[in-house]
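Report on the structure
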Amino acid sequence: MRTEADFVVIGGGIVGLSVAHGLLGRGKSVICLDGSDTDFRASRGNFGLVWVQGKGINAPHYAAWSQMAVREYPEFVANLTEDTGIEVSLQQTGGYEYFSDPEAMDERLNQFKSLKKALGGDYPVEVLSAEDIRKEEPMVDGETVGATFYPHDGHVNPLQLLQALAESCQKRGLAHYLGERLTAVSQNGDGFHLQTEKGLEVSAAKVVLCAGLGAKVLGPMFGFKGLVRPQRGQVLVTEKLPPVINRPSVTIRQVNEGAIQIGDSKEEVGFNDNETQAQMARIASKAIKIMPKLAQLRLVRSWGALRVMSPDGLPVYQHSKTMPGAFLVTCHSGITLSATHSRNLSRWLVGAESAPDLSAFSEDRFNV
Ligand SMILES: Cc1cc2nc3c(=O)[nH]c(=O)nc-3n(C[C@H](O)[C@H](O)[C@H](O)COP(=O)(O)OP(=O)(O)OC[C@H]3O[C@@H](n4cnc5c(N)ncnc54)[C@H](O)[C@@H]3O)c2cc1C
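For the structure given in this document, a descriptive report is provided here. Everything quoted here is computed from the prediction, not taken from an experiment. Position labels on residues start from 1 in each chain and follow its written sequence. At least 70 in pLDDT is required for a residue's local features to be given in this predicted model, at least 80 for side-chain atom pairs to be given and counted, and no such filter applies to totals for whole chains, interfaces and linings, which use all residues. Only hydrogens and water are removed before side-chain values are computed, so all heavy atoms of the structure are retained for them.

**Details of helix α7 (residues 277–290)**
For α7, built from 14 residues, the straight-helix expectation of 20 Å at 1.5 Å per residue is met to within 8% by its first-to-last C-alpha distance of 20 Å. Looking only at α7, the buried set comprises Q279, I283, A284, A287 and I290. Down the axis of α7, the sector holding all buried residues measures 130°, keeping them to one side. In α7, those exposed residues whose orientation departs by more than 90 degrees from the buried face are Q277 and A278. Among the structural elements, β4 (95–99), β12 (229–240), β13 (252–254) and β14 (259–263) are those in contact with the buried residues of α7. Note on conventions: DSSP H or I runs of at least 4 residues are helices, E runs of at least 2 residues are strands, and numbering of each starts at the N terminus. Here, expected helix span is obtained from the residue count minus one, scaled by 1.5 Å. Partly exposed residues are those whose accessible area sits between 20% and 50% of the maximum for their type, while under 20% is buried and over 50% is exposed, using a 1.4 Å probe and protein chains only. By construction, the arc corresponds to the directions joining the helix axis to the C-beta atoms. We call two residues in contact whenever any of their non-hydrogen atoms come within 4.5 Å of each other.

**Examining the sheet that holds β13**
Strands were regarded as paired on the criterion that DSSP finds at least two bridges between them. The strand order β13-β14-β12-β15 describes an open sheet built from four strands, whose pairing is antiparallel. The sheet is open, and its two borders are formed by β13 and β15 (299–309), each paired with just one other strand. Sheet twist, expressed as the average angle between the axes of neighbouring strands with direction ignored, equals 25°. In this sheet, β14 lies alongside β13 in antiparallel orientation, the contact comprising three bridges. When the bridges of β14 are listed, Q254 appears paired with I260. A fitted line through C-alpha atoms represents every axis, and for helices the fit uses only the stretch in contact; the resulting angles, taken between N-to-C directions, go from 0 to 180 degrees. In the packing of α7 onto the sheet, contacts are made with β12, β13, β14 and β15, and the angle to β12 comes to roughly 60°.

**Quick look at the packing of aromatic side chains**
Note on ring pairs: Phe, Tyr and Trp rings are taken, using the six-membered ring of Trp, and paired if centres are within 6.5 Å. Classes follow the plane angle, with under 30 degrees stacked, over 60 edge-to-face and the rest tilted. With the rule as written, the count across this model stands at 14 aromatic pairs. Ring plane angle 45° and centroid distance 6.2 Å describe the contact between W65 and F361, whose orientation is recorded as tilted. In this pair, W65 is assigned in helix α2 (residues 60–84) and F361 in the segment after α8 (338–349), connecting sequence segments 296 residues apart. Classification of F361 as buried rests on a relative accessible area of 3%. An aromatic cluster is defined as three or more aromatic residues linked by ring pairs; in this entry it consists of Y62, W65, Y317, F327, W348 and F361.

**Brief notes about the pairing of strand β1 (residues 4–10)**
Along β1, five of the seven residues are buried, which leaves the element largely enclosed by surrounding structure. Judged from the six bridges that link them, β1 and strand β11 (residues 201–209) form a sheet pairing that is parallel. The residue of β11 that forms the bridge with V9 is V208. Assignment of crossover handedness uses the view with strands pointing away from the viewer, where a clockwise path from the first strand over the helix to the second indicates a right-handed crossover. Tracing the backbone out of β1, into helix α1 (residues 14–25) and back to the parallel element strand β2 (residues 30–33) gives a crossover that is right-handed.

**Re the packing of α1 against helix α5 (residues 158–171)**
In the contact formed by α1 and α5, the axes pass within 9 Å of each other and the chain directions differ by 35°. As α1 runs across α5, the sense of the crossing is left-handed. Residues I14, L17, S18, A20, H21 and L24 of α1 touch α5, and the partners they reach there are L161, L162, L165, A166, S168 and C169. Think of it as three bins: nonpolar holds Ala, Val, Leu, Ile, Met, Phe, Trp, Tyr, Cys and Pro, charged holds Asp, Glu, Lys and Arg, and polar takes everything else, Gly as well. Of the residues in the contact of α1 with α5, the class split is nine nonpolar, three polar and no charged. It is the rotation of the near helix from the far one that decides the hand of a crossing: anticlockwise by less than a right angle makes it left-handed, clockwise makes it right-handed.

**Description of the site of the ligand**
Here a residue counts as near a molecule or strand whenever at least one of its heavy atoms sits within 4 Å of it. Lining the immediate surroundings of the ligand are 36 residues, of which D34, D39, S43, G334 and T336 lie closest. N or O atoms closer than or at 3.5 Å make up a polar contact, with two conditions inside protein: a donor-capable atom paired with an acceptor-capable one, and, for residues adjacent in sequence, both atoms drawn from side chains. Here an oxygen atom of the ligand sits 3.3 Å away from a polar atom, N or O, in the side chain of R41. Interatomic distance of 3.5 Å between a backbone N/O atom of A211 and an oxygen atom of the ligand. In this description, accessible areas are obtained by the Shrake-Rupley approach with a 1.4 Å probe, and a residue is regarded as covered only by the protein chains that are shown. Relative to its free-state accessible area of 1,000 Å², the ligand is covered by the protein chains to the extent of 96%. When contributions to the shell around the ligand are tallied by element, the ones reaching two or more residues are α1 and β15. Broken down by element, the shell around the ligand gets its largest block of residues, three residues, from β15. Residues belonging to the shell around the ligand are distributed by class as follows: 15 nonpolar, 15 polar and six charged.

Geometry only, nothing functional implied.
Now the structure itself:
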């Protein structure tokens, strides 16, 4: 495999592979240095939503970036499937946020109203009454007083997506080194020289740091602040059923294989991805309030995984000020943003004239 390339991407999770995929598509040669299976890997423990609703409530630029991402998803995924033969089970026919408290729903609707105004009217969210939502989703009952609906929201099988990206990248010529953790970097007139724990040496003109939580340690080596922190989420999985849920919500979805996944914890517990009975009980009882029949199902699996969070929860896209040619790319919605990371972020990384303006996502917004 090659040891010199136009770009080295550090991290082979959904963010690193989406970025590598886009760069390869622009004719760049790419090496990916990836860690091992024992690393924290959000890309293997997430909820699979392709989601706009609720994102960027106070940050319209993030809402717009997410909208662009989901609008490009169907074509992006169709191309991946054509390229690899891997079906990623994208269902993008809209999604819900359920409410049991009328005041909370009113507050959300006001937030959406302001956001819609800030986006020049382009925020096609709809409101469903308790009666409407029960017609759409017969499993919904109990305390639900209504729901919001965003037509481009949806979900995907995140592991199949990751596999399709890996295979497509491989077909495009990616040199993917697994178990090669970056430990040292230097830069001279020839570009970047990187060394891994096991002694592999690779060089490139540019480096993109997509190491998830690894950015905390690796970021400062490239002159970044690297302000990421773990936030745990736990997910419950029921036995498989025939289709009973038509569309996903932020916390409940029926996956393509039939199981229902439930999850919504946001826990600040450091680098600890264990499941806990207390959270699992809380997640289950919240879901049962929305869909009481869930109480009759058998839980067969659960897991905990760590989100990669920036201080304000928005993505960070930063070109290094001290090591030109090094870029930091990190976000907490890597599934949702996969299409735009491949198609649009890559334009910024190669310095294309048509590159999107990503200055609002710079690390400069954090005053530390
Ligand atoms: C419970 C949960 C639910 C979620 N739900 C959703 C959702 O519904 N929709 C959505 O869009 N997003 C969701 N997310 C977020 C999404 O999973 C993440 O944004 C995404 O996986 C981050 O991908 P990543 O590639 O940055 O990080 P990771 O998947 O963590 O990958 C980082 C990679 O970097 C490698 N690495 C680290 N250090 C080094 C090093 N020194 N050298 C080389 N490689 C290194 C690691 O080995 C790893 O492969 C969820 C996350 C969680 C935890």
